[in-house]
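Chain by chain, the residues:
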Amino acid sequence: MSVPAQVLNDLFSQKVGTPDGQEKIAEYAGSYIRDRLREVSYFRKIIPPQQITRADCQRSVNHDTLVKIVDVEPQSRAMSLTFRGQPTARFIRAPRAEVPFHTISSEKFEKTEQELLAYEMPITKVIEDNSVKDIQEIEDREFTVSIEACVQALQLEANGATTSSPNASILHVGTIGTTVEFSVRKGALARAAATNTATALPVQRPDFVNLFKMLDGNRLRAEMVLLTETDWDDILQWTVEDVGNRIQSETTTDGYKYNLLLGRAYCRTIKTDILRPGNIYCFTKPDFFGRFYILNNTKFYIDKIANLITWQAWEDIGSALINVAAVRKLETYSCDSSLGNADSLVASVTPKAEEDLGAVNNRVDSGITFPSVEIF
Amino acid sequence: MQTNFELVTELQGLLRRDFSVADRTLVDPTNANPILDGEFLFVDNTYKLVRATAGTAAWVCFMERGRFDVQSIGKLTVLMGPTYEADTKIMNPASITTGCQLSVGNVTYGGQTRSGLVLQASTALVIGYCTRIPTNNGGKLRFVQTLF
């Protein structure tokens, strides 16, 4: 039996004020306009989270927060010997790394019970559902900031600890320059660009191959590619030379429907304000990369004081990218994305600030709807 | 566990806001001069926390040095108000009397210059008032924050 959303809001207001506690009310189909798609976390697809408890964590004597200490495999090697020789010795020592924990929370939502009556959609349920995805967006943002830090750290190390500025001006076709592309590589079209801009250019098939080689050439294997939907759409422009006759005709009608691309799994995202177009990353398997732990799953809190209803959601997670060499990056734009910020365009190619995420698409508050009428 | 700042009134009614720090090295506990609990901070032009300039508006840092969550995300929690009473060690007790006005200033604590509470200078913004002088309070200045 379906119940009008207005009744739902009335019931919600009544229920939330009862001593039996604030229970969640079952979802009913809402007749409201959505503003944007919300997507689950891509971080969770690249490093699946593991549930842990307080017992798995380490405390500190100086404060009340937690870390989990993770072991990293020790170095070892073999050698050839004569019948009479002895091997060299190694007193084993394996490194360890900390995975710190923090909270990701929704906003604290507030509304008076009287004003809830003005909504025909189940607004509290809508916000509750959206909050889970909003929290995962922040997970993705932090992950994206971290993987960018990983590739830039290796890039800095490879270039002799001076700030590297691999933009098109330096990496122009035929002019290698002194910059070593160790963990960040420009795409073919970006290398040929006449100016250094933040415009994402179409990704070419050789770009992916060169991206994979940055991992495959370091005793690792590229297993997963992360890219935006807009970059993914460039694959639909690949020609018969790139994909062959059969795929070309298939993609013309059905799009690309395979689970692998050039032998690697891929993860596409619509969150172009977090993973900006033109940034394509490849990763190894999670065991070679890092850890993602969930200390407390998403919790939902709701309270009513007098006529004011307050609700909030949060989770406690910990993550660390322990092997920074397990990620590489392809850039299809021509400007510099490193800390040197040679072209002053880093802000255009890196994740937006938390408070700027999820920009509103509709213009209803500005009165822009068509046709537009006034209630008179 | 060394505590430089302790609330005397309850936390429940206070606004605890997180801001990113402008210089992330200052939340590294091994930094030569890391930000401590009890120091006063304010946002810069990029809306990120820096040590407050003497005599200006500021909020107290409510995070102990070296916290893993702080190091992980590069954010600190400040108390924005409303009024609270607290004890702090990051202060200069010179000329402070019960009931006197306090403002933010540079103090030497732990051999380093930090942003703490001092007797209000002439045109400095008043952050709060002293309610218990350090000699009567185990070396800690007790104050009521009134700026919010």
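Residues numbered from 1 in each chain as written. Chains lettered and ligands numbered in written order. Predicted model: local features only at pLDDT ≥ 70, side-chain atom pairs only at ≥ 80, totals over all residues. Heavy atoms only, no water.

1. Digging into the overall build of chain A
No. 1: Along chain A, the regular secondary structure elements total 9 helices and 12 strands.
No. 2: For chain A, buried positions account for 40% of its 376 residues.
No. 3: Here the contacts in chain A between residues at least 6 apart in sequence split such that 79% fall between residues at least 24 apart. (Helix = DSSP H or I, 4+ residues; strand = E, 2+ residues; numbered from the N terminus. Buried < 20%, exposed > 50% of the residue type's maximum accessible area, 1.4 Å probe, protein only. Contact = heavy atoms within 4.5 Å.)

2. A word on unusual backbone geometry
Among all residues save glycine, negative phi is the norm, and among peptide bonds the norm is trans.
No. 1: Between A:Phe370 and the following residue, A:Pro371, the backbone shows a cis peptide bond with an omega angle of -10°.
No. 2: In this structure, A:Pro371 sits in the segment after helix 9 (346–349).
No. 3: The omega torsion of the bond from B:Gly81 to B:Pro82 falls at -5°, within 30 degrees of zero and hence cis.
No. 4: Here B:Pro82 shows up in the loop between strand 6 (75–79) and strand 7 (84–88).
No. 5: At A:Arg219, a residue that is not glycine, the phi angle is positive and equals roughly 60°.

3. Here we look at the confidence of the model for chain A
No. 1: Within chain A, residue pLDDT values average 87, and 89% of them lie at 70 or more.
No. 2: Ignoring residues within four places in sequence, the model shows residues 23–30 of chain A, a span with pLDDT below 50, making 16 contacts including any to other chains. (pLDDT = per-residue confidence, 0-100.)

4. With respect to the interface of chain B and chain A
A common way to report how large an interface is uses the accessible area buried once the components associate.
No. 1: With 11 residues of chain B at the interface, the matching set in chain A holds 14 residues.
No. 2: Taken together, both faces of the contact between chain B and chain A bury some 1,000 Å²; the carbon and sulfur share is 62%.
No. 3: Viewed at the interface, chain A and chain B are joined by 1 salt bridge.
No. 4: A:Glu354 is the partner of B:Lys75 in a salt bridge, and the nearest nitrogen-oxygen pair spans 2.7 Å.
No. 5: Counting every contact that joins chain B to chain A gives 4 residue pairs in polar contact (both at pLDDT 80 or more).
No. 6: With 4 residues, helix 1 (residues 68–73) of chain B is the largest single contributor of residues to the side of chain B that touches chain A.
No. 7: For the side of chain B that touches chain A, a count of residues per class yields 4 nonpolar, 2 polar and 5 charged. (Buried area = accessible area lost by both parts, 1.4 Å probe. Salt bridge = Lys/Arg side-chain N within 4 Å of Asp/Glu carboxyl O. Polar contact = N/O pair within 3.5 Å; in protein donor to acceptor, adjacent residues only side chain to side chain. Nonpolar A, V, L, I, M, F, W, Y, C, P; charged D, E, K, R; others polar.)

5. Regarding the pairing of strand 7 of chain B
Residue and element names in this part refer to chain B.
No. 1: Where burial is concerned, most of strand 7 is hidden: 5 out of the 5 residues are buried.
No. 2: Going residue by residue along strand 7, you find Tyr 84, Ala 86 and Thr 88 tucked away on one face and Glu 85 and Asp 87 tucked away on the opposite face as well.
No. 3: Where strand 1 (residues 5–7) and strand 7 come together, 3 bridges link them in antiparallel fashion. Within the sheet, the bridge partner assigned to Leu 7 lies in strand 7 and is Ala 86.
No. 4: Strand direction decides the pairing type here: strand 7 and strand 11 (residues 141–145), joined by 5 bridges, are antiparallel. (Pairing = 2+ DSSP bridges.)

6. Side note on the pairing of strand 10 (residues 290–305) of chain A
Residues and elements named next belong to chain A.
No. 1: Two strands pair when backbone bridges link them, and strand 1 (residues 50–51) and strand 10 are joined in this way by 2 bridges, in the parallel orientation. Paired with Gln 51 across the two strands is Ile 294, which belongs to strand 10.
No. 2: Pairing analysis gives 13 bridges linking strand 10 to strand 11 (residues 308–321), with the strands arranged antiparallel. Pairing of Arg 291 across the sheet is with Ala 320, part of strand 11.
No. 3: Connecting strand 10 to the antiparallel partner strand 11 that follows it, the hairpin turn spans 2 residues, and Ala 306 within it adopts a positive phi of roughly 55°.

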